[in-house]
Amino acid sequence: MAHVEHAEADALHEPKSFLTRYIWSQDHKVIAIQYSLTAIFVGLIALVLSGLMRMQIGFPGSLEFMDPAAYYQAMTMHGMIMVIYLLTALFLGGFGNYLIPLMVGARDMVFPYVNMLSYWFYLLSVLVLLAGFFVPGGPTGAGWTLYPPQAITQGTPGTEWGIVLMLVSLAIFIVAATMGGLNYVTTVLQARTRGMTLLRMPLSVWGIFMASILALLAFPALLVSAVMMLFDRLLGTSFFMPALISMGQPLEHQGGSPILFQHLFWFFGHPEVYIVALPAFGLVSDLISTHARKNIFGYRMMVWAIVAIGVLSFVVWAHHMYVSGMNPYFGFFFAITTLIIAVPTALKVYNWTLTLWHGDIHLTVPMLFALAFIVTFLVGGLTGLFLGNVIVDIPLSDTYFVVAHFHMVMGVAPILVVFGSLYHWFPKVTGRMLDDRLGKLHFWITFLGTYAIYFPMHYLGFLGMPRRYYAYPDYEFIPASAQDLNAFITVAALTVGVAQLLFLYNLAWSTFKGRPAGGNPWKAASLEWQTPDTPPVHGNWRESLPVVHRWPYDYSVPGVRQDFVPQTVSEEELERMREADRAATEQKS
Ligand code: HEM
Ligand code: HEM
Ligand SMILES: [Cu+2]
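Residues numbered from 1 in each chain as written. Chains lettered and ligands numbered in written order. Predicted model: local features only at pLDDT ≥ 70, side-chain atom pairs only at ≥ 80, totals over all residues. Heavy atoms only, no water.

1. Regarding unusual backbone geometry
Right, on to step 1. For the bond running from Pro 148 to Pro 149, omega is 0°, close enough to zero to count as cis.
Right, on to step 2. Along the chain, the position of Pro 149 falls in the loop between helix 6 (112-131) and helix 7 (162-190).
Right, on to step 3. Across the junction of Thr 534 and Pro 535, the peptide omega takes the value -10°, indicating a cis bond.
Right, on to step 4. You will see that His 358, though not glycine, has its phi angle at about 60°, which is positive.
Right, on to step 5. Structurally, His 358 is set in the loop between helix 11 (328-356) and helix 12 (365-388).
Right, on to step 6. With a phi close to 65°, Asn 540 is a non-glycine residue in the positive phi region. (Helix = DSSP H or I, 4+ residues; strand = E, 2+ residues; numbered from the N terminus.)

2. With respect to the coordination of the iron atom of ligand 1
Right, on to step 1. No protein donor other than His 405 (NE2) coordinates the iron atom of ligand 1, and that contact is at 2.2 Å.
Right, on to step 2. In this structure, the iron atom of ligand 1 lies 4.6 Å from the copper ion (ligand 3). (Donors = N, O, S within 2.8 Å, 3.2 Å for Na, K, Ca; no water.)

3. Structural notes on the layout of surface pockets
Right, on to step 1. Looking at the second largest pocket, its volume works out to about 930 Å³.
Right, on to step 2. If you trace the second largest pocket, you find 31 residues lining it, with Lys 29, Ile 33, Tyr 98, Val 429 and Thr 430 closest to the centre.
Right, on to step 3. Of all the elements in the fold, those that place two or more residues in the lining of the second largest pocket are helix 3 (18-23), helix 4 (28-58), helix 5 (68-104), helix 14 (400-430) and helix 16 (481-513).
Right, on to step 4. When residues in the lining of the second largest pocket are grouped by element, the largest group, seven residues, is from helix 4.
Right, on to step 5. In terms of residue class, the lining of the second largest pocket is made up of 20 nonpolar, seven polar and four charged. (1 Å grid on protein atoms, 1.4 Å probe; cavity = no way out; pocket = protein on both sides within 12 Å on 5 of 7 lines; lining within 4 Å. Points joined across faces, edges and corners; volume = space filled by probe spheres on them. Nonpolar A, V, L, I, M, F, W, Y, C, P; charged D, E, K, R; others polar.)

4. Regarding the site of ligand 2
Right, on to step 1. Contacts to ligand 2 come from 23 residues, most closely from Tyr 71, His 78, Trp 144, His 407 and Arg 468.
Right, on to step 2. At 3.3 Å, a side-chain N or O of Tyr 400 approaches an oxygen atom of ligand 2.
Right, on to step 3. One nitrogen or oxygen atom from the side chain of His 407 is found 2.7 Å from a nitrogen atom belonging to ligand 2.
Right, on to step 4. Elements that contribute at least two residues to the shell around ligand 2 include exactly helix 4, helix 5 and helix 14.
Right, on to step 5. Along the lines of polarity and charge, the residues of the shell around ligand 2 split into 14 nonpolar, six polar and three charged. (Near = heavy atom within 4 Å. Polar contact = N/O pair within 3.5 Å; in protein donor to acceptor, adjacent residues only side chain to side chain.)

5. A look at the packing of helix 7 against helix 8 (residues 203-234)
Right, on to step 1. One way to put it is that helix 7 packs onto helix 8 with a least axis distance of 8 Å and a crossing angle of 155°. Regarding the angle of helix 7 to helix 8, the classification is roughly antiparallel. As helix 7 runs across helix 8, the sense of the crossing is left-handed.
Right, on to step 2. Here the residues of the contact of helix 7 with helix 8 sort into 25 nonpolar, three polar and one charged. (Axes fitted to C-alpha atoms, helices over the stretch in contact; angles between N-to-C directions. Parallel < 35°, antiparallel > 145°, perpendicular 65-115°, else oblique. Left-handed = near helix turned anticlockwise from the far one by under 90°.)

The analysis is restricted to geometry; functional conclusions fall outside its scope.
Listed below in structure tokens is the structure:
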């Protein structure tokens, strides 16, 4: 730990010019902002793509350029960007980078240079991905699951360059995520300040820590499948390609296994959804505790639930393959593991609720988003339970019920946490508050709007409306009224999309004009709010590192007037605070 103990060591990567301060920066806080802004930027592209798709579904034929190929390309890019380039990058590269060193009391990440490289690889992966829009044939339209053989067989949009760029971009992203992940894990294990035991870390750190471990273990499966598919596409190997006749001609491939790809993809893909969910769980726990002025209920249980979910997430992947024709005993096994993982997940929901119980709930903007998350996650988790049962899943698979499930649980719920967390930590990053009235407006439109979008989708799924269809003409079993519902959903989606401009405006305006926040506007107990400077300077803690005496959830402690006790307060100081408060009350009476 010696290397982070002293401020002098930190001077090694001290910025010396504008370029090293803001561009080639090795400061975790600057890298976090770079990651976040890039992720929000690509996220906006994905949002626009979803609006275009919804126009086609709600008002078929209204957009001239939206032919079936364009629809599939929009869908693929939308799904992939949202899951990987927005949410994964934002939670780990954005929040992970900003919060881990501040929350554990370190001066920076353990490997600042690698941390910087991580961002630049991420940016490169984004540029390679977006290049797909400008090459002949356009981006790939294989669906975000990229299943072969169709992903690289003629007839699918983007088989010329799009798929190659997608696979290369993913490989680069994985390099970036690995450099980041190694940093986050090592920093948590090695750079905690004195007194910061593992079980005194905020749940935010626990969630991001576990998600980083999942990323390090799951991404390799995607990396090898991307490389193998690249070989199939460029070198004519047959890892995933069976013998096929395409357009009347036998292809050169033979003997490969498309199902092998599905296993590899979902061995990555299911943990991936928890790479997004675990940081969200962690961050939201801290929001709830702080804004309800109560200690988190069952802290140890919450930590163990995070660990258990992380471990179990590696043995449920084939619930995405119930309809792939696998051995029924496999389906049985994976249904059981899938339902088991619901236990620690439900436990977390109970504990959030019990944290709120008898709390002093402040309905601030971060709290509104946090409460909305609990409800939304519950709804999405419940539909997951349906899908986890093989017999229930088979008729629902590949319908809008699944689209509704995963948007609720992986689209809306984590995005609500992202917003809540941005409103919560923005004052630490900039020293200013985001505007409250705009924030509330943004919250209500986003929250109610997403329910208007996704609730009806479950019903469309029951009607049998298939996912990944560009249009639904002449399907007798889908009643004509489904079209009205689809038009309604589209209007709601566009409203929610436009409402995000409120947030962007708020971000830009408040960065320069927002109300000054002071060091600790929410009166929070965790370490990042106890920095000597706001925003924290390079190295975070001036001469000496903080010393930690307690967990981060000491709110409404009996006997002290101030309703929070920072982690840096020792037992003796707490006793002195109690004495002083007692003396003050006696004097008054
Ligand atoms: C109790 C918890 C959950 C259960 C039992 C569950 C179960 C399932 C099942 C069985 C499917 C496959 C449906 C099909 O394709 O036929 C599925 C799809 C999906 N789930 Fe969940 N899920 C749960 C929670 C989550 C969470 C927390 C997330 C993300 C944060 C998530 C994200 C997804 C995604 C992204 C898909 C669809 C992937 C695709 O085919 O494009 N699920 N879920
Ligand atoms: C207002 C917000 C959003 C709207 C209107 C929207 C809309 C859509 C639409 C229309 C589809 C295509 C459905 C189909 O044809 O099967 C889709 C697919 C998808 N969306 Fe979203 N979406 C939104 C936000 C998100 C977010 C935040 C995520 C983050 C995880 C996400 C992840 C996905 C995924 C993974 C797919 C599947 C792509 C595929 O099937 O290959 N979406 N979305
Ligand atoms: Cu899954």
